[in-house]
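# Observations on the three-dimensional arrangement
Here's the letter readout for the chains.
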Amino acid sequence: DLSLPQTFSLEQNYPNPFNPSTKIKYTIPSVIASETKQPVQTTLSIYDVLGNEVATLINEFKPAGSYEVDFNASNFTSGVYLYKIEAGNFSQTRKMLLIK
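About the cut-offs
- Residues numbered from 1 in each chain as written.
- Predicted model: local features only at pLDDT ≥ 70, side-chain atom pairs only at ≥ 80, totals over all residues.
- Heavy atoms only, no water.
- Pairing = 2+ DSSP bridges.
- Helix = DSSP H or I, 4+ residues; strand = E, 2+ residues; numbered from the N terminus.
- Buried < 20%, exposed > 50% of the residue type's maximum accessible area, 1.4 Å probe, protein only.
- Polar contact = N/O pair within 3.5 Å; in protein donor to acceptor, adjacent residues only side chain to side chain.
- Patch = residues over 30% accessible without salt bridge, like charges linked within 9 Å, V, L, I, M, F, W, Y side chains within 5 Å.
- Areas by Shrake-Rupley, 256 points an atom, 1.4 Å probe, with all protein chains shown as cover.
- Salt bridge = Lys/Arg side-chain N within 4 Å of Asp/Glu carboxyl O.

Before going further, it helps to examine the sheet that holds strand β7 (residues 65-72). In spatial order, the strands read β1-β2-β7; together these three strands make up an open sheet with antiparallel pairing. Each end of this open sheet is capped by a strand with a single partner; those strands are β1 (9-10) and β7. Bridging between strand β2 (residues 21-28) and β7 involves eight bridges; their strand directions are antiparallel. Within the sheet, the bridge partner assigned to Thr22 lies in β7 and is Phe71.

Okay, structure coming up:
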């Protein structure tokens, strides 16, 4: 299917810097196993600069497609945070800045 994404991606959050919420977009490509499309175990987590996980936004099987998730950081302090996606064999991390 040409309308489904062909590669994994994790986009920069928008807006960045943000206060108190931001959007994170990611895509999961079509994964073929035994000629059937299979959902992929997907985890999207937020970490502080010390590497402590402070939130898990997604932890479920996701079919191929483009997704957007809102992150509300109203209970977090100002600073740099990292967000990381793990889906199948794909892993990517990006930085974001919370300014209050």
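Another aspect to go through is unusual backbone geometry. Of the consecutive residues Tyr14 and Pro15, the connecting peptide bond is found in the cis state with omega at -5 degrees. Note that Pro15 resides in the loop between β1 and β2. The amide bond that connects Asn16 to the next residue, Pro17, takes the cis arrangement and shows omega of 5 degrees. For Pro17, the position within the fold is in the loop between β1 and β2.

Mapping Asn13 onto the fold places it in the loop between β1 and β2. With relative accessibility at 3%, the residue Asn13 sits in the buried group. At 3.1 Å, the side chain of Asn13 forms a polar contact with the side chain of Thr22.

Let's shift gears to the pairing of strand β9 (residues 90-98). Pairing between strand β8 (residues 79-87) and β9: nine bridges, direction antiparallel. Counterpart to Val80 in the pairing with β9 is Leu97. Joining the antiparallel neighbours β8 and β9 is a turn of two residues, in which Gly88 adopts a positive phi near 60 degrees.

Once that is clear, we can look at a nonpolar patch on the surface. Together, Val49, Leu50, Val80, Leu97 and Ile99 make up a nonpolar patch on the protein surface, roughly 450 Å² of accessible area in all. Following the sequence through the fold, Leu50 ends up in the loop between β5 (40-48) and β6 (53-62). Taking relative accessible area as the criterion, Leu50 reaches 72% and is therefore assigned exposed.

Read these as geometric descriptors, not functional statements.
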